[in-house]
Amino acid sequence: MNHGKSIAAQTTVRCARAALTRLMEPADLPGLALIRALGPERALDFIAGKDASHAAVEQQVTAILNEAGTERWTGLAEALGRWRPRLADLAPERDLGTVKRLGGRLLVPEDADWPRGFDGLELQAPIALWCRGSKQSIPAQGKCIAVVGSRDSTSYGANVTAEIAGSLVQRGFTVVSGGAYGIDAQAHRGALGVAMAVPNELPTLAVMAGGVDRFYPSGNEELLRTIAEQALLVAEVPPGTNPTRYRFLQRNRLIAALCSVTVVVEARWRSGALNTAHHCEGLSRVVAAVPGSVYSANSAGCHRLLKEGSAVCVTDAADIAELAGAMGEHLAVEPQVQAALYDGLGTADLLLMDALPLRTATSVEKLCVVAGLSAATVLSGLGRLEALGLAERRGGGWLRRSQGLEGQASMTTPW
């Protein structure tokens, strides 16, 4: 095998995919079907050609779209009409040079380290991924956890997010989010805050809706610059591309696909974070939600996911790590609690315990009346309680042992 030719062919494919990311919007199904039918190089040549349509190509694209569940589409001529006006601005070598100067690269499906999590997107998988950062390798899906939520987060949401993100990084996970205000920003900050403790790992990954050369939103410029210096920014659109509402929504499918678990910390009833959660459902990925106050509108979306059974309730990083691992892996340690004095008592013994006075001894007959039990049951119960150190005989009668029981009684008595 000629290794030089292999590298040259791969470079050509990379250049073609770079060009196609500028011609097509994210998740442009007819375009992605055309690439699957012809390959990236031939697809680019076809778009750059003069044919208004092509029966054989249209037939192939239609078959691929039908297989993907797209029943109707407007045809190849209409799609070419959308792509061809952008040919004048096509300069893939320039875009590749730009990302290289920024210390990044273009990751393509032909690369060995292409994220396998994108396989779940099938036809909607990105054409390529523009990367910028000090760490260029994206961890496996099982090591990536998305933390998303409302842009107008509360102090509760911000604190919970930072704590969860930091703890996840310390456990060896990469925190994935969208670089936006609110929960996204807190997730990135929480991950970066403990990055020095795990210097060989990718602490966080920001999936951008615009080009990796544009730090958007501008209020997060310093944070996004830090991510580029210490972690990784990725986007499916080329450098210089502005973010749009459509690109934000499509960006969410990449976040869902890259991660084994998506955690929604705070979300309003109609939040973009819920869009990410819905993408996860379509990919059969785990969705988790952090509960909040029932009075907080910022948690209404989380409560909606929990109510509908779409999400698992989580409260800390241990819960999330358990969801991300294989069965039996990352199991959360149950907290150790001191056993209550009444633990393990049967119903009759509990009734008898409540009937026993604290200060003045009483007779078996009186206990039968107060507890509503037979004499035989009371006598056998008193023997068990005495053996457990919960009752004592005094002056021919019985009473509850007083050592430490007053406080315990107030804790355990239901009324």
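Residues numbered from 1 in each chain as written. Predicted model: local features only at pLDDT ≥ 70, side-chain atom pairs only at ≥ 80, totals over all residues. Heavy atoms only, no water.

Enquirer: Help me get a handle on the confidence of the model for the chain, residues and values and all.
Expert: When the pLDDT values of the chain are averaged, the result is 89; 90% of them are 70 or greater. Every residue in residues 1–8 scores below 50 in pLDDT, and together they form one contact with partners more than four places removed in sequence or on other chains. Residue range residues 404–415 is modelled with pLDDT below 50. Its contacts to residues more than four positions away, or to other chains, number 10 contacts. (pLDDT = per-residue confidence, 0-100. Contact = heavy atoms within 4.5 Å.)

Enquirer: Quick rundown of the side chain of Glu236? Include the residues and the values.
Expert: Secondary-structure assignment places Glu236 in the loop between strand S6 (232–235) and helix H10 (245–258). The exposure class assigned to Glu236 is buried, which follows from its relative accessible area of 9%. Those residues within four positions of Glu236 in sequence are excluded, and the remaining contacts are Thr21, Pro26, Ala27, Pro126, Ala128, Leu129, Trp130, Gln250, Arg253 and Leu254. (Helix = DSSP H or I, 4+ residues; strand = E, 2+ residues; numbered from the N terminus. Buried < 20%, exposed > 50% of the residue type's maximum accessible area, 1.4 Å probe, protein only.)

Enquirer: So what about unusual backbone geometry? Which residues, and what values?
Expert: Of note, the bond from Tyr216 into Pro217 is cis; its omega dihedral lies within 30 degrees of zero at 5 degrees. Along the chain, the position of Pro217 falls in the loop between strand S5 (204–207) and helix H9 (221–230). Of note, the phi angle at Ala27 is positive, near 60 degrees, even though the residue is not glycine. Here Ala27 lies in the loop between helix H1 (3–23) and helix H2 (29–38). Classification of Ala27 by relative accessible area gives buried; the value is 14%.

Enquirer: Tell me about the packing of H2 against helix H5 (residues 76–83), and name the residues and values.
Expert: The geometry of H2 relative to H5 is characterised by a closest axis approach of 10 Å and an angle of 100 degrees between their N-to-C directions. Accordingly, the angle class assigned to the pair H2 and H5 is roughly perpendicular. Residues Pro30, Gly31 and Leu34 of H2 form the contact with H5, whose participating residues are Ala79, Arg82 and Trp83. Its residues placed into classes, the contact of H2 with H5 shows four nonpolar, one polar and one charged. (Axes fitted to C-alpha atoms, helices over the stretch in contact; angles between N-to-C directions. Parallel < 35°, antiparallel > 145°, perpendicular 65-115°, else oblique. Nonpolar A, V, L, I, M, F, W, Y, C, P; charged D, E, K, R; others polar.)

Enquirer: Any details on the nonpolar core? Residues and values, ideally.
Expert: Grouped together as the largest cluster of nonpolar side chains are 55 residues, with contacts concentrated most on Phe118, Leu205 and Leu233. With sequence-adjacent residues up to four places away left out, Phe118 is seen in contact with Ala125, Pro126, Leu129, Leu254, Ala257 and Leu258. Listed in part, the 25 residues of the second largest apolar core include Leu20, Leu32, Val57 and Val61. (Core = buried A, V, L, I, M, F, W, Y, C linked by side-chain atoms within 4.5 Å.)

Enquirer: Quick one: what's the story with the sheet that holds S6, residue by residue and with numbers?
Expert: Sheet strands pair by backbone hydrogen bonding; their relative direction is either parallel or antiparallel. The strand order across the open sheet formed by nine strands is S1-S2-S6-S5-S4-S3-S7-S8-S9, and the pairing between neighbours is mixed. Strands at the two margins of the open sheet, each flanked by one partner only, are strand S1 (104–107) and strand S9 (312–313). Pairing between strand S3 (residues 144–148) and strand S4 (residues 174–177): three bridges, direction parallel. Within S4, the residue paired with Ala146 across the bridge is Val176. Its contacts with the sheet place helix H6 (residues 92–101) against S1 and strand S2 (129–133), and it is angled at close to 130 degrees to S1. (Pairing = 2+ DSSP bridges.)

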